[in-house]
Amino acid sequence: MKELVAVLDFGSQYAQLIARRIRELGVYSEIVHHGVTRDELIEMNPKALILSGGPASVLDPEHPTMDERILDLNVPIFGICYGMQLLALLLSGTVDKGRSGEYGPARLDVADDTSIFNGLAQQLDVWMSHGDHVTIVPDGYKMLAQTATCSVASMGNDTKKIYGVQFHPEVVHTLQGMDMLRNFLYRVAGCRGGWTMTKFIEESIERIRSQVADSNVICALSGGVDSAVVAALIDRAIGDRMKAVFVDNGLLRAREVDDIQSMFTDDYPLHITIVDAKKEFLEALQGVTDPEEKRKIIGETFIRIFQAETKDINHADFLAQGTLYPDVIESRSAHGGPSAMIKSHHNVGGLPEDLQFALIEPLKELFKDEVRILGKELGLPEKLLKRKPFPGPGLAVRIIGDVTEESLEVLRHADSVVKEEILKYEHFEDVWQAFAVLLPVKTVGVMGDERTYANVIAIRIVSSLDGMTADWMRLPHDVLTRMSSRIINEVHGVNRVVYDISSKPPSTIEWE
Ligand code: XMP
């Protein structure tokens, strides 16, 4: 019988990440709304339940909750962050507002290693992101671990097989997070495992064929991994009924159009249409400084161009794009659910009302590293699969303030220096993204004997597995020194360079 683990979504940015971690551990997993009833769950027959985190506070009278009778089903439960606080509250423990929140890395002291911490060290590195915390565990529960500022960082009841952790085991920065989830799935819940993603390609191709029927499809190509994987999938499904369109929006990095053209000519031959729309985008963005407005305008302009591209082909009712799960979750909440909107990633949040296309988004459930695995199976070249992510709205969200030809020129030049230098870094494969940001301030400097009053460039270099969380990279000082001095010497109009040392959360990777 098929094993299923249900993730109850309380609006976490990480609900899908939890589901996917479980799939990685070889057990099929699905997300369900936190309002699922006891009977609906019995119907699903899950082997275990995970309660996700969420942005609400259990101390708020309106907080999202769950059908309490689920706790009596004898199904093992693992509550994460908000999920643990809710368990504590429902089981008559005590939850308090913390004096200050705890965000980022923390050192965990394990007090009981017989269940979820089995086989792990006594001290572990975990990732926290919470305000409230459990102060008194419910009757019959043990405190399993704590940190310097959180007296109950984990609790559990071995008889009921109900556990909770205050930190996030699903993010890579909790170094032994997978071991904890594995312990829960296999030791506590008795899962057998064995699920793989090998059927994903076949299933997707079948789904695309039946969705499209005899229509044509416009495929929005960005030059990145995601849209290339989508194009390869659709190419396999319907061949030349797909028109792959790459838009030169003027917000691209140096040499980008040439790179794309040569990649789809030499490395993975695919007919692509390149549209020069530099003028349209710059005009539409004139005077716009609000990040969300920029994103919406760019999304809309893209769609107008794709609509125009249908003119020379017989009906194209579909637009295919490489939307990934992080784009969806950060643009709107899962299932219209309660998670907070962070920013409108252009291929999701920025779509106009009158889209005139049905969307095909075969990667909507997946994360970047899953997409790279898929791309490899589809035969896409390493060179393409290794391309670093680049946001749809391009350099526009890295120019804080007005986007003009001049600001684009400055940023493009600074960005190419960052790129050239990071390519020489010996641990380049650990870099998720490395780029420059143009700040809307000028500062005083001195060059030769002259006073200067010029722009500031921020360098952002992060490591990440999936873009959902990230850490700023501790680069050797000589790498940073070379970037800084080259930018100041070579890029006209810049006299200062700063390095961004914020992690995600609480910051995001892009500045807008
Ligand atoms: P944030 O800034 O949300 O970025 O922490 C997470 C990852 O997503 C990329 N990103 C985008 N990708 N369209 C995209 O296709 C977008 O609108 C967009 N905004 C951010 C970002 O570069 C990072 O890798």
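Our subject in this report is the structure included herewith. Position labels on residues start from 1 in each chain and follow its written sequence. Note on the predicted model: pLDDT of at least 70 is required for a residue's local features to be given, and 80 or more for side-chain atom pairs to be given and counted; whole-chain, interface and lining totals, by contrast, use all residues. The side-chain numbers reported here are obtained from all heavy atoms of the structure, hydrogens and water having been left aside.

1. Some points on empty space enclosed by the protein
Grid points spaced at 1 Å over the protein atoms alone were grouped into cavities, where a 1.4 Å probe fits but cannot get out, and pockets, open sets with protein on both sides within 12 Å along at least five of seven lines, with lining residues defined by an atom within 4 Å of a point. Grid points are joined across faces, edges and corners, and a volume is the space filled by probe spheres set on the points. Scanning the model with the defined rule gives two cavities of 30 Å³ or more in all. There is about 40 Å³ of room inside the second largest cavity. Around the second largest cavity sit R253, A254, R255, D415, S416 and K419, which together line it. All residues other than Ala, Val, Leu, Ile, Met, Phe, Trp, Tyr, Cys, Pro, Asp, Glu, Lys and Arg, Gly among them, are scored as polar; the first ten of these are nonpolar and the last four charged. In terms of residue class, the lining of the second largest cavity is made up of one nonpolar, one polar and four charged.

2. Details of the sheet that holds strand β13 (residues 316-320)
The five strands lie next to each other as β12-β11-β10-β13-β14, forming an open sheet whose pairing is parallel. Both outer strands of the open sheet, β12 (272-276) and β14 (358-360), are each paired with one neighbouring strand and no more. Strand-to-strand twist across the sheet, computed as the mean angle between neighbouring axes with direction ignored, equals 35°. When DSSP locates at least two bridges between a pair of strands, those strands are taken to pair. The helix and strand labels rest on DSSP assignments: H or I over at least four residues marks a helix, E over at least two residues marks a strand, and numbering proceeds from the N terminus. The pairing of strand β10 (residues 216-221) with strand β11 (residues 242-248) spans five bridges and is parallel. Along β11, the bridge assignment pairs I218 with K243. Here helix α5 (residues 200-212) sits on the sheet and contacts β10, β13 and β14; the angle it forms with β14, its principal contact strand, is near 165°. The strands touched by helix α6 (residues 225-238) are β10, β11, β13 and β14; relative to β10, the strand with the most contacts, the crossing angle is about 160°. Convention adopted: a line fitted to C-alpha atoms gives each axis, helices being fitted over their contacting stretch, and angles between N-to-C directions are expressed from 0 to 180 degrees. Whether two residues are in contact is decided by their heavy atoms, any of which lying within 4.5 Å being enough.

3. A closer look at the environment of L378
Here L378 lies in the loop between α11 (368-377) and α12 (382-385). To sort residues, take the accessible area from a 1.4 Å probe on protein chains only and compare it with the maximum for the residue type: under 20% means buried, over 50% means exposed, and anything in between is partly exposed. With a relative accessible area of 5%, L378 lands in the buried category. When the C-alpha atoms of L378 and R236 are compared, they prove to be 9.3 Å apart, with 142 residues separating the residues in sequence. Sequence-distant contacts of L378, that is, excluding residues within four places in its chain, are made with I201, V229, A232, L233, R236 and Y268.

4. Observations concerning the sheet that holds strand β1 (residues 5-9)
Pairing between the strands of a sheet is mediated by backbone hydrogen bonds and can be parallel or antiparallel. Taken in spatial order, the nine strands make up an open sheet running β2-β1-β3-β4-β9-β8-β7-β5-β6, and their pairing is mixed. With partners counted over all chains shown, the strands left at the sheet margins are β2 (29-33) and β6 (123-136), one partner each. Averaged over all pairs of adjacent strands, the angle between their axes in this sheet comes to 20°, without regard to strand direction. Pairing geometry for strand β5 (residues 94-110) and strand β7 (residues 142-146), over two bridges, is antiparallel. Bridge assignment links D109 to a residue of β7, and that residue is Q146.

Purely spatial values, then, with no claim about function.
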